[in-house]
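# Coordinate analysis (summary)
Here is what each chain is made of, one letter per residue.
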Amino acid sequence: MIASALTRVTLAVDCMGGDHGPSVTLPACLAFLEAHPEAHLILVGKPDALASAAGWPRCSVVAASEVVEMDDPVEVALRRKKDSSLRVAVSQVKAGEDGIAAAQACVSAGNTGALMAVSRYVLKTLEGIDRPAIASVMPNERDGYTTVLDLGANVDCTAEHLLQFAVMGSALVAAVEGKDEPSVGLLNIGEEAIKGSETIKRAGELLRAAAASGHLNFQGNVEGNDIFKGTTDLVVCDGFVGNVALKTAEGLASMLSNFIKQEFTRNVFTKLAAVVALPVLKHFKARVDHRRYNGAALLGLRGLVFKSHGSADAFAFQTALNRAYDAARNRLLDRVHDRILETLAAMPAPGAEPKTDTATDTPALAASR
């Protein structure tokens, strides 16, 4: 059973990561501390770069002599830069011999591949999880957002992996949004169960079986436009499809914003119209501002790690800190662990056909793995 929310949360921050490093991460950290009087931060980086943070309340500095650059290969981050700010920050989340970690979550804007590889190497995956996944949110027309995973960590996935993603994503939405049974959709080329690849159809069977046994609130297949309609709280897909969907959405939002700007600056009359419409335009810009949705969770690890966009400004990086804080405070790691144990204990062994309930003619989960 999951305990109540944590009263004190400590975040480890890779202050050197991303395109801008301390010039962005430090102002974001300071604003975060001011907004969260009970939070604590561990700032990781080169001491001279973090000198301005000396004396900050509820804050400590851990030195790291190296930096993983945005274009560094994964093997460099893993094998050669063992004292990088990225690796040292992730290590703060690893429990010591006493079972206690220095921080409850880590936030970095560094190289995505390196962050995933280092996190998986240092923290390891949770029992029952084959591969970690990247989960983030996209805005929807219900004035909220839809959580989507995987967004690029796993290009090729099995049906069992997609089931695991659904379980982890459900735990994330439950922890951060307070929805006990978030609705889950499987991204496909149509709503019908007979559509899609063999992997997708098999995943649909497993998800329906999990729903029948009360482990998931699976609503069936969804299409790409359902992400933005807010049809379900969570959308599950493999990393190839998820990353394409994410980059397409970001490009479309940027294009529409540019179109609106071009139309309102076309001549003196459209400029006057822009003045009248300024409040509406500001509200529209805020709703589609990608900075408000920054902070992707690396789910499935034995510790919480959040990835910020490498190009994030201080506002966006603070959003990532906020997401990590909310996840840690609401014990996301415990929730993922509990849901995984409950669901995957009843999951058919990989490659096995789901058992069928002859009374309802629907797949039923096996009694044990």
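A few points on the structure. Numbers given for residues are sequential positions, taken from 1 along each chain in its written order. Totals for whole chains, interfaces and linings use every residue, but because this is a predicted model, local features are given only for residues with pLDDT of at least 70 and side-chain atom pairs only at 80 or more, for both listing and counting. Values reported for side chains reflect all heavy atoms of the structure, with hydrogen atoms and water molecules removed beforehand.

### Points about the packing of aromatic side chains
The condition is simple: What counts as a ring pair is set by centres within 6.5 Å for rings of Phe, Tyr and Trp (its six-membered ring), and what kind of pair is set by the plane angle: stacked under 30 degrees, edge-to-face over 60, tilted for all other angles. Think of it this way: any DSSP run of H or I at least four residues long counts as a helix, any run of E at least two long counts as a strand, and we number them from the N terminus. Note on classification: 1.4 Å probe, protein chains only; a residue is buried when its accessible area is under 20% of the maximum for its type, exposed when over 50%, partly exposed between these limits. The criterion is that NZ of a Lys, or CZ of an Arg, lies within 6 Å of the ring centre and within 35 degrees of the ring normal, and then a charge sits over that ring.
Evaluated as defined, the whole model comprises 2 aromatic pairs. A centroid spacing of 5.7 Å and a plane angle of 75° characterise the contact between Phe32 and Tyr325, whose relative ring orientation is edge-to-face. With Phe32 in helix 1 (residues 22-35) and Tyr325 in helix 10 (residues 314-329), the pair connects residues that are 293 residues apart, well separated along the chain. Grouping residues by exposure puts Phe32 and Tyr325 together as buried. Judged by centre distance (6.3 Å) and plane angle (80°), the ring pair of Tyr145 and Tyr293 falls under edge-to-face. Taken as a pair, Tyr145 in strand 6 (residues 144-149) and Tyr293 in the loop between helix 9 (268-288) and strand 10 (296-299) lie far apart in primary sequence, 148 residues in all. On the basis of relative accessible area, Tyr293 is assigned to the buried category, the value being 10%. Over the face of the ring belonging to Tyr121 we find Lys124, whose NZ or CZ atom lies 4.7 Å from the ring centre. Lying over the aromatic face of Tyr145, Arg323 brings its terminal NZ or CZ to 5.1 Å of the ring centre.

### A short note on the nonpolar core
A general tendency of soluble globular proteins is for nonpolar side chains to be buried together. This is how it is decided: Joining through side-chain atoms within 4.5 Å is the link that ties buried Ala, Val, Leu, Ile, Met, Phe, Trp, Tyr and Cys residues into a set, and such a set is a nonpolar core. Contact criterion: two residues are considered in contact whenever any of their non-hydrogen atoms come within 4.5 Å of each other.
Ranked by size, the top nonpolar core spans 60 residues in total, and within it Leu11, Leu43, Leu321 and Leu332 carry the most contacts. The biggest single contributor to this core is helix 5 (residues 159-177), with 10 residues. For Leu11, the contacting residues outside a window of four places in its chain are Phe32, His40, Leu41, Ile42, Ala103, Ala105, Leu321, Ala324 and Tyr325. Ranked by size, the runner-up nonpolar core spans 34 residues in total, among them Val93, Val118, Val122 and Leu246.

### A word on the environment of Gly239
Secondary-structure assignment places Gly239 in helix 8 (residues 239-264). Judged by relative accessible area, Gly239 falls into the buried class, the value being 2%. With 216 residues separating them in the primary sequence, Gly239 and Ser23 have C-alpha atoms 31 Å apart. If near-sequence neighbours (up to four positions away) are discounted, Gly239 is found in contact with Asp150, Leu151, Gly152, Asn154 and Cys157.

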